[in-house]
Amino acid sequence: AHEFIDAFVKKGSCYALTYNTKIDQDNTAALLPNGKLILSVDKDTYEELGLQGRPSQYSGKKVMRYIVTVDLTDSGFHPDSKKHNRVLWALKEKKPLEFDFLLAWYNPGAEGSTLMSYFSKKQIQALKPKITFSTLRDLECPVLQSNELQGKPDESCSTEELFEWLGAVLNQVSLNNKSSSFLSTYCCPQPNTMVEKAFLCTITGFIIPEKIIQLLEQLCCYFGEPKLAYWLTLTVHGFADSPVSWRESEHGFHKGGENLYNFVIFRNLDYWLQMAVGTNDDCPP
Amino acid sequence: IHLLINNYKSTGWYLLNNVFFSQVGAALPVDVLTYEEKTLSAILRVVSSGLVKLWSALTLLGFYQNRRCAFRVLQASPFLLALSGNSRELVLD
């Protein structure tokens, strides 16, 4: 285990998240790029594991979930220390926990082994994010002004209206219902313009922040040359079953597990950043 | 608030129309934002104070025109955008 920490956790940024585990039902684990291993376990597992943790913030009066945090890069956590040995004993012998993990490692100028070669003796599969493209035609888009966050009557829409509209577009909600419509009264906020073609790209997978930054930089380059578009958006959804949302704030599912952020980038490279969390979350920084 | 729901038995479009607007809609305005026949799932929009009423109405709906049916709420969120990315649906090849 210590070779893993030296090779991947202490160098570059290593990310791991258990796959197919529900944060409100199952045991879940995550490794953060700052070297902290977070275990979110149910009461029975916690008691059997014997490691020190704290009750979950979202557990209610009768605590059913505990969070154990182990700092793998702590100077006190080396192969000879008591702490290290206890953690290893708990996880290997006392209550062995098995998970499928999604793993990613970012190391610019990488030399030495990669995750694939390190885990070659175990079951590891290299995966790429799934990318889909679509073109939306004749789309009603809200008119926005970068310095008018609340919108200006008859001139631009507010940030909330944009946020709702974006949700409608991405869920294929019809945008032009009449207020007397039987089924739905949702319509595109005013003022809006009809855009002949809009481009939508969806990337699904275990995507690390470093890649998102690269994507953001590329999107900013889009406005390097004159373009008809006034603004573009980048929406990032966090995993609903991750034990943490922003930084190390505990995250719970409640009714939806949402934790997401949305960039709106304007032609002049002004931008809006909107962040949203669910009920069982702390406010984003 | 927005609900993403899934209808188990295929009682179809009419169920959403008639049932909601006769039983729930009379008391509470509900928008049916989307409906997908293939997956039998829909997105509903209701004012926050009406969430409990709507959710209970959906839960208690067991029959429609003598056919059994059941509704399951997959996701509920005040943000429509949050419904467009559900990591619980992530399937790896």
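Residues numbered from 1 in each chain as written. Chains lettered and ligands numbered in written order. Predicted model: local features only at pLDDT ≥ 70, side-chain atom pairs only at ≥ 80, totals over all residues. Heavy atoms only, no water.

## Structural notes on the UniProt feature "transmembrane region" (unreviewed entry) in chain B
Here comes step 1: Per the UniProt record, "transmembrane region" (unreviewed entry) is found at residues 12-30 and 42-64 of chain B.
Here comes step 2: Split by type, residues 42-64 of chain B is 43% helix and 30% strand. Its first and last C-alpha atoms lie 17 Å apart. (UniProt positions renumbered as here; feature names shortened; annotations may be inferred. Helix = DSSP H or I, 4+ residues; strand = E, 2+ residues; numbered from the N terminus.)

## Here we look at the sheet that holds strand S11 (residues 271-277) of chain A
Residue and element names in this part refer to chain A.
Here comes step 1: Taken together, the three strands give an open sheet; going across it, the order is S9-S10-S11, and neighbouring strands pair in antiparallel fashion. Strand pairing shows two members of the sheet lacking a second neighbour, strand S9 (231-237) and S11, which therefore form its edges. Taken over all neighbouring pairs, the strand axes of this sheet differ in orientation by 15 degrees on average, direction set aside.
Here comes step 2: In the sheet, S9 pairs with strand S10 (residues 259-266) via seven bridges, with the strands oriented antiparallel. By the bridge assignment for S10, Leu232 is matched with Ile265.
Here comes step 3: Contacts from helix H5 (residues 159-170) reach S9, S10 and S11, with the element oriented near 70 degrees to S11.
Here comes step 4: Contacts from helix H6 (residues 209-222) reach S9 and S10, with the element oriented near 170 degrees to S9. (Pairing = 2+ DSSP bridges. Axes fitted to C-alpha atoms, helices over the stretch in contact; angles between N-to-C directions. Contact = heavy atoms within 4.5 Å.)

## Observations regarding the sheet that holds strand S4 (residues 54-55) of chain A
All names here are of chain A.
Here comes step 1: The six strands lie next to each other as S4-S5-S3-S2-S1-S6, forming an open sheet whose pairing is antiparallel. What marks the edges here is a single partner per strand, and that holds for S4 and strand S6 (101-106).
Here comes step 2: Sheet topology places strand S1 (residues 13-18) next to S6; six bridges connect them, and they run antiparallel. When the bridges of S6 are listed, Thr18 appears paired with Phe101.
Here comes step 3: Against the sheet, helix H1 (residues 2-9) makes contact with S1, strand S2 (28-31) and S6, and its axis sits at roughly 120 degrees relative to S1, the strand it touches most.

## Quick word on the pairing of S10(A)
Here comes step 1: For S10(A), a buried count of seven out of eight residues is recorded, marking the element as mostly surrounded by other parts of the structure.
Here comes step 2: The hairpin formed by S10(A) and S11(A) contains four residues between the paired strands, and A:Leu269 there has a positive phi angle of roughly 65 degrees. (Buried < 20%, exposed > 50% of the residue type's maximum accessible area, 1.4 Å probe, protein only.)

## Things to note about the interface of chain A and chain B
Here comes step 1: Listed per partner, the contact involves 36 residues of chain A and 30 residues of chain B.
Here comes step 2: Summing the contributions of chain A and of chain B, the shared interface buries around 2800 Å²; its carbon and sulfur component is 62%.
Here comes step 3: Our enumeration of links across chain A and chain B arrives at three salt bridges.
Here comes step 4: In this structure, the salt-bridge partner of B:Arg88 is A:Asp24, at a minimum N-O distance of 3.0 Å.
Here comes step 5: Summed over the shared surface of chain A and chain B, the result is nine residue pairs in polar contact (both at pLDDT 80 or more).
Here comes step 6: Of all the secondary-structure elements, those providing two or more residues to the side of chain A that touches chain B are H5, S9, S10 and S11 of chain A.
Here comes step 7: The greatest single-element share of the side of chain A that touches chain B, amounting to six residues, is contributed by H5(A). (Buried area = accessible area lost by both parts, 1.4 Å probe. Salt bridge = Lys/Arg side-chain N within 4 Å of Asp/Glu carboxyl O. Polar contact = N/O pair within 3.5 Å; in protein donor to acceptor, adjacent residues only side chain to side chain.)

## Examining helix H2 (residues 51-60) of chain B
Because each turn of an α-helix spans 3.6 residues, side chains separated by three or four positions in sequence point in the same direction.
All names here are of chain B.
Here comes step 1: Here H2 has its buried residues at Leu51, Leu54 and Leu58. Projected onto a plane normal to the axis of H2, the buried residues spread over an arc of 75 degrees and lie on a single side. What points out from H2, more than 90 degrees from its buried face, is the exposed set Val52, Lys53, Thr59 and Leu60. (Arc of directions from axis to C-beta.)

## Topic: a nonpolar patch on the surface
Here comes step 1: Together, A:Ile131, A:Phe133, A:Phe199, A:Ile203, A:Ile207 and A:Leu215 give the surface a local cluster of nonpolar side chains, amounting to about 570 Å² of exposed area.
Here comes step 2: Counting only elements with at least two residues in the nonpolar patch, the list comes to strand S7 (130-142) and strand S8 (192-204) of chain A. (Patch = residues over 30% accessible without salt bridge, like charges linked within 9 Å, V, L, I, M, F, W, Y side chains within 5 Å. Areas by Shrake-Rupley, 256 points an atom, 1.4 Å probe, with all protein chains shown as cover.)

## Observations regarding the environment of A:Tyr106
Residues and elements named next belong to chain A.
Here comes step 1: You can see Tyr106 is positioned in strand S6.
Here comes step 2: Using a relative accessible area of 24% as the deciding quantity, one classes Tyr106 as partly exposed.
Here comes step 3: Spatially, the C-alpha atoms of Tyr106 and Lys211 are 9.0 Å apart, while their sequence positions differ by 105 residues.
Here comes step 4: Once residues lying within four places of it in the same chain are set aside, the contact partners of Tyr106 are Gly12, Ser13, Ile208, Glu210 and Gln214.

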